Amino acid sequence: MDPGSSLDDIAPIAILMDELRSEDVQLRLNAIHRISTIALALGPDRARDELIPFLQESVDDEDEVLLALAEELGRNFEEYIGGPEYAHVLLGPLENLSAVEETLVRDKAAESITKISNVLSKQQIEQYYIPLLQRLSHGEWFTSRTSSCALYAPVYDKVSTAIQDDLRRGFAALVSDDTPMVRRAAAKWLAPLVKKFTKQHVLTDGLAMYRKLQADDQDSVRLLTVEDLIAIAQQLSPAEVKEQLLKQIRQTMTDKSWRVRYMAASHFNELAEVVGQELVREELIGHFVLLLKDNEAEVRTAASGQIPGFSKLLEKEVVLARIVPCVRDLCQDVSQHVRAALASQISGLAPLLGKEATIEHLLPLFLHLLKDEFPEVRLNIISKLEQVNAVIGIELLSESLLPAIVELAEDKSWRVRQAIIEYIPLLATQLGKAFFDESLGNLCMSWLGDSVYSIREAAAVNLKKLTEVFGVEWAKEQIVPKVVGMGHHPNYLYRMTTVQAIMTISPSLTLDIVRGDILEMLLQLAGDPIPNIRFNVAKALEAIATSFGDTPDGRQLVQQKIVPVLEALKNDQDADVRFFASRALQKAHGLDA
């Protein structure tokens, strides 16, 4: 045996121990990220006997080191210690991590324990996992009890009925815990647990736990019970929901804390889908209307987001009688966020109401929102017009739409102008070619002369996208002459924009259009007195050469027209021009290779 080998055996664990005792946090962090490599070097037996006990003792460290440790142990670490039959060994260090003060570390430890539970056998769960769960559930500090809440659901359906009874009793104790943080965790993890209960246990135990949490004096606990309510309702028939949960539904919807009402509004459609049609008609419509009229803007915003989804569950007459009046009021809401949320959802009502009702009831509201002073409201309406267009047609829309688009296109905030440019290709597909040319063609060109560079850049990209929407022939007639015409402008910024627009759109055009309509202007600008324009010409020529150099005609054009100009620019007095011309020449010569 080689005398050095025993030293090699000691080295990995010794190095790890040294690094984990280091003063430098980064060194300790790096050591933790390498524990899988160290475990591999040690082999399964020594990893179990030496590494895991050492890690179990190193809980007194910075939170970020502990977080990294909790994460590493959940990354299939059982493979390094002998496979799934030894996976329970990892529960020791993770149990310690589940009781530390930092929430992030505890959550990650609970997540890793859950992952490990997936590879444990029934015997391992009952022998090692359940005792761990009981120790955490009865821990002196609230931290361990909080962590334990997340660990019931993953194994509930993997254990015997006797242990299931114990688990339900254990969770019920956490639901009644003195510490709000523990009850909050219980409320958060009740829904996944209830989904694994038999219906009988939902009625006996699940409901009792839910009712206790739903009546908690802390709103931070009550707001988490909305998802529990949905999980329980899913397990019950509509009649049982009405009998067992009606009181709690009413209490949640009208809770004195706006945060609970906000959660109810955010999950309203999920609840409506599981409680049954009768309860939707009798109870939920009234509650939904109240949430849409809530005195807190956040609640109205959340409820607005649920309007189309909830309306799908109702008859058209009910939507017109109960929901549309609320929508009308929300269009005038004092909060811009409510109006913005409504604007992104209101178009979803059009397919439900049909053409006549949309024209009569919704169209005035669209027009009102399109004239809103807050740009996001107007943009949300424009971005969702496709559904409305499908119902009522573009003629009616366009009469009101165009003034709003023109107004946005000239908004003093350049970000608003940029956002509307990004919607133009979408609008183009909806409006059609003829209407677009007549109404928006000049507007798209005017952006090329904007005072903000980002707008000019976005305008060039917009022209490329429009070419892809309407085709090359349209671009030849509508875009190319206007872009080329700007090349003669006395202001150098316009000439620069011409070059950049050509660089952007030429790959979408045909070789004939580039040769016949564009190249001449570009070659003239190669002699421009402004160096910035000359080096952008070199970049544009490079783009054309690489786009069209793969055909014989394209290569001929490159050699006859483009290469001579680039040769001249290569000897320019400006260093940048020489650089880009040389780079373009390399690409052009590479086409022949």
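The structure presented is a predicted model; accordingly, all values stated were derived computationally and were not measured.

Peer 1: Please explain the state of the cysteines as it appears in this structure.
Peer 2: Note on terminology: a disulfide is the covalent bond linking the sulfur atoms of two cysteines. Enumeration according to the criterion identifies zero disulfides in this entry. Free cysteine Cys 331: the closest other cysteine sulfur is in Cys 326, separated by 11 Å. Look at Cys 331 and you get buried, because its relative accessible area is 1%.

Peer 1: Looking at this model, I keep getting lost on the packing of helix α16 (residues 238–253) against helix α19 (residues 277–292). Mind explaining?
Peer 2: For any two helices packed against each other, one specifies the inter-axial angle together with the distance between the axes. Taken N-terminus to C-terminus, the directions of α16 and α19 make an angle of 5°; their axes are 11 Å apart at the nearest point. Taken together, the axes of α16 and α19 are roughly parallel relative to one another. Contacts between α16 and α19 pair Val 241, Lys 242, Leu 246, Ile 249, Arg 250 and Met 253 from the former with Glu 278, Leu 279, Glu 282, Glu 283, Leu 284, His 287 and Leu 291 from the latter. Grouping the amino acids of the contact of α16 with α19 by side-chain chemistry returns seven nonpolar, one polar and five charged.

Peer 1: So what exactly am I meant to see when it comes to a negative patch on the surface here?
Peer 2: The grouping of Glu 62, Asp 63, Glu 64 and Glu 101 at the surface amounts to a negative patch. Position of Glu 64 relative to the elements: it lies in helix α5 (residues 63–73). Judged by its relative accessible area of 45%, Glu 64 falls in the partly exposed class.

Peer 1: Looking at this structure, how should I read the pattern of salt bridges?
Peer 2: Two side chains of opposite charge can pair, provided their charged atoms sit close to one another. Under the counting rule described, the total for this entry stands at 19 salt bridges. Put simply, Glu 111 and Lys 115 hold a salt bridge, and the shortest N to O gap is 3.7 Å. Of this pair, Glu 111 and Lys 115 both sit in helix α7 (residues 103–117), four residues apart, roughly one helical turn. Lys 115 sits in the partly exposed class, given a relative accessible area of 40%. For Arg 495, the salt bridge goes to Asp 528, with nearest N and O atoms at 2.6 Å. Here Asp 528 lies in the loop between α35 (511–525) and α36 (531–548) and Arg 495 lies in helix α34 (residues 492–505), a separation of 33 residues in the sequence. Look at Asp 528 and you get buried, because its relative accessible area is 7%. One continuous salt-bridge network, built from bridges that share partners, spans Glu 71, Glu 72 and Arg 75.

Peer 1: Sorry if this is basic, but what is going on with the layout of surface pockets here?
Peer 2: Unfilled space is identified by rolling a water-sized probe across the atoms. Each pocket or cavity is described by its volume, and for the largest pocket that value is around 400 Å³. Lining the largest pocket are 20 residues, and of these Asp 107, Thr 146, Ala 185, Lys 188 and Trp 189 sit closest to its centre. Every element with two or more residues in the lining of the largest pocket is listed here: α7, α9 (142–148), α10 (153–156) and α12 (180–194). Residue composition of the lining of the largest pocket, by class: 10 nonpolar, four polar and six charged. The computed volume of the second largest pocket comes to approximately 150 Å³. Looking at the second largest pocket, the residues that line it are Ala 99, Val 100, Glu 101, Gly 139, Glu 140, Trp 141, Phe 142, Thr 143 and Ser 144.

Peer 1: For this particular structure, what's the right way to read the packing of helix α3 (residues 35–42) against helix α4 (residues 44–57)?
Peer 2: Remark: α3 packs on α4, axes separated minimally by 8 Å, with the N-to-C direction vectors making an angle of 145°. Considering only the axes of α3 and α4, their crossing is right-handed. Where α3 abuts α4, its residues Ile 35, Ala 39 and Leu 42 lie against Arg 46, Ala 47, Leu 51 and Leu 55. For the contact of α3 with α4, a count of residues per class yields six nonpolar, no polar and one charged.

Peer 1: What is the right way to look at the confidence of the model for the chain in this model?
Peer 2: Summary statistics for the chain give a mean pLDDT of 80 and a share of 95% for residues scoring 70 or more. Here helix α1 (residues 5–20) stands out as the least confident element of the chain, with mean pLDDT 59; helix α17 (residues 258–266) is the most confident, with 89. In the predicted structure, residues 1–9 sits below a pLDDT of 50 and forms three contacts with residues beyond four places in sequence or in another chain.

Calculation notes
Residues numbered from 1 in each chain as written. Predicted model: local features only at pLDDT ≥ 70, side-chain atom pairs only at ≥ 80, totals over all residues. Heavy atoms only, no water. Disulfide = S-S within 2.5 Å. Buried < 20%, exposed > 50% of the residue type's maximum accessible area, 1.4 Å probe, protein only. Axes fitted to C-alpha atoms, helices over the stretch in contact; angles between N-to-C directions. Helix = DSSP H or I, 4+ residues; strand = E, 2+ residues; numbered from the N terminus. Parallel < 35°, antiparallel > 145°, perpendicular 65-115°, else oblique. Contact = heavy atoms within 4.5 Å. Nonpolar A, V, L, I, M, F, W, Y, C, P; charged D, E, K, R; others polar. Patch = residues over 30% accessible without salt bridge, like charges linked within 9 Å, V, L, I, M, F, W, Y side chains within 5 Å. Areas by Shrake-Rupley, 256 points an atom, 1.4 Å probe, with all protein chains shown as cover. Salt bridge = Lys/Arg side-chain N within 4 Å of Asp/Glu carboxyl O. Lys, Arg positive; Asp, Glu negative; His and termini not counted. Charge placed at Lys NZ, Arg CZ, Asp CG, Glu CD. 1 Å grid on protein atoms, 1.4 Å probe; cavity = no way out; pocket = protein on both sides within 12 Å on 5 of 7 lines; lining within 4 Å. Points joined across faces, edges and corners; volume = space filled by probe spheres on them. Left-handed = near helix turned anticlockwise from the far one by under 90°. pLDDT = per-residue confidence, 0-100.

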